[in-house]
Amino acid sequence: MTPRQRLCLFAVAIAGLVACYLWAFSGLPGFGRYPGPYGNVILKNAITQTNSTGVVSTINFEYRGFDTVGEEFILFASAAGMSVVLRRLRGEHDTSPFDEAANRQLPRTSGPLRIVTLLLAGPLVLLGWWLATHAQANPSGGFQGGVVIATGIMAVYLSGEFLAFRRLRPAAVLDAAEAIGAGGFVLTGIAAVAQDLPFLYNFIPLGTVPGAVSSGGTIALISFCVGIEVAAAFVLIIGELLDQTLLRSTGSSTGGSTGRGTGKAGR
Amino acid sequence: MQIFPFLVVAWIVAVGLYGLVTSRDLIHQIVCLIVVQSSTYVLLLAVGYVTGGIAPYFYDISPHTTAVDPVVQALALTDVVVEAAVTALLLSFAIQAHKRFGTLDPHQLAEFKG
């Protein structure tokens, strides 16, 4: 099929899709007129039932908690899958992060960038930690917090401190963090089962003040576990991608850009 | 204007799909896939919007204030996480494809039966 034929076929298909979309949208109740019962029921009951004022987190970690276990393990499986897909193939070896072409002129990381990113690293990790532990009060939660923590660690890389960045993500610590995060969530659920309650039942006292740090029972605990898991998963994922820049195939000085020669060895 | 947000959704899907079809680069295709998926955020948030509603957080606001639907917002969060996971995996596949075949052009990749 030529690209032109492909585009014509696509034009027909997209016209049909847009027509179906518009047809479907014409039956919607209209922007701003939310009709469904679930949101209203949850808004009416969430705070009295859980003492947690962050209703989105309440849904994610309480009402839809079982779903979120699956969601977390999607990320877990993705990070694990990436480690497998990007494993070191036969004929590949790590090179030193120092430039091999000694006389190549490289732009240096500018001073202000280094200072700003290194200054930001600590506060970013702290902010992520705060987000991950305040799901029961504010627009925050483990997923957002985990990503911010990972960003803080990435800031060290941005500052040009590649070696320091590598030391910040030893495999053992990351693996342990992933295990604690993913396992902690499931163990919280099983702890409820051990007390003859349903899986992921909120068995921790809910506190008295809505939105306080001590309120919300298991919501805060689960959110924290998710935060650890997400931070570890993202550092792992980004680190895997960065490590690819250091991989070289033996016998080909130009790396992967010359073509198929290296492929067969990898199989 | 009642249907305008939904037209935006349809537009995002359409441009994303156009990019997917015409792209000659795997990384660019992955970005186009992200564009297609981001239409679902707009759709979810548009479906759950209540005129005059606030975000469903009541830390210092009366719980009886009108708020938008929190269920679709939770779903949008799930959506973001799944997208991050899918993107990470797709990017690693693109790296391996480039290592093995030395190209990221899907037309050339189709010639290698791999």
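Since this is a predicted model, take the numbers as computed values, not measurements.

Caption draft 1: Structural context of the pattern of salt bridges. Residue and element names in this part refer to chain B. Tallied over the full model, the rule gives 2 salt bridges over all chains. When the shortest N-O distance is used, the salt bridge between arginine 24 and aspartate 105 registers 2.8 Å. Placement of arginine 24 in the loop between helix H1 (4-22) and helix H2 (26-48) and of aspartate 105 in the loop between helix H3 (70-101) and helix H4 (106-111) is noted, with a sequence separation of 81 residues between them. Among the residues examined, arginine 24 registers a relative accessible area of 45% and is labelled partly exposed. Residue aspartate 105 is classed as buried on the basis of its relative accessible area, which comes to 10%.

Caption draft 2: Highlighting a nonpolar patch on the surface. Residue and element names in this part refer to chain A. Nonpolar side chains collect at one region of the surface, where Phe66, Leu187, Ile190, Val193 and Phe199 lie side by side and expose about 490 Å² of accessible area between them. Top contributing element to the nonpolar patch by residue count: helix H8 (residues 171-194), with 3 residues. For leucine 187, the position within the fold is in helix H8.

Caption draft 3: A look at the packing of aromatic side chains. Within this structure, the stated rule accounts for 8 aromatic pairs over all chains. Plain terms: the ring middles of tyrosine 21 of chain A and phenylalanine 25 of chain A are 5.2 Å apart, the flat faces sit at 85 degrees to each other, and that makes the pair edge-to-face. Of this pair, tyrosine 21 of chain A and phenylalanine 25 of chain A are both found in helix H1 (residues 3-26), 4 residues apart, which corresponds to roughly one turn of the helix. Given the relative accessible area of 22%, tyrosine 21 of chain A is considered partly exposed. Plain terms: the ring middles of phenylalanine 66 of chain A and phenylalanine 199 of chain A are 5.7 Å apart, the flat faces sit at 85 degrees to each other, and that makes the pair edge-to-face. Highlighted residues: phenylalanine 66 of chain A in helix H4 (residues 65-85) and phenylalanine 199 of chain A in the loop between H8 and helix H9 (218-244), separated in sequence by 133 residues. Owing to a relative accessible area of 32%, phenylalanine 199 of chain A belongs among the partly exposed residues under this scheme. One aromatic cluster is present, built from ring pairs that chain together Tyr21 and Phe25 of chain A together with Phe6 of chain B.

Rules used throughout
- Residues numbered from 1 in each chain as written.
- Chains lettered and ligands numbered in written order.
- Predicted model: local features only at pLDDT ≥ 70, side-chain atom pairs only at ≥ 80, totals over all residues.
- Heavy atoms only, no water.
- Salt bridge = Lys/Arg side-chain N within 4 Å of Asp/Glu carboxyl O.
- Helix = DSSP H or I, 4+ residues; strand = E, 2+ residues; numbered from the N terminus.
- Buried < 20%, exposed > 50% of the residue type's maximum accessible area, 1.4 Å probe, protein only.
- Patch = residues over 30% accessible without salt bridge, like charges linked within 9 Å, V, L, I, M, F, W, Y side chains within 5 Å.
- Areas by Shrake-Rupley, 256 points an atom, 1.4 Å probe, with all protein chains shown as cover.
- Phe/Tyr/Trp six-rings, centres within 6.5 Å; stacked < 30°, edge-to-face > 60°.

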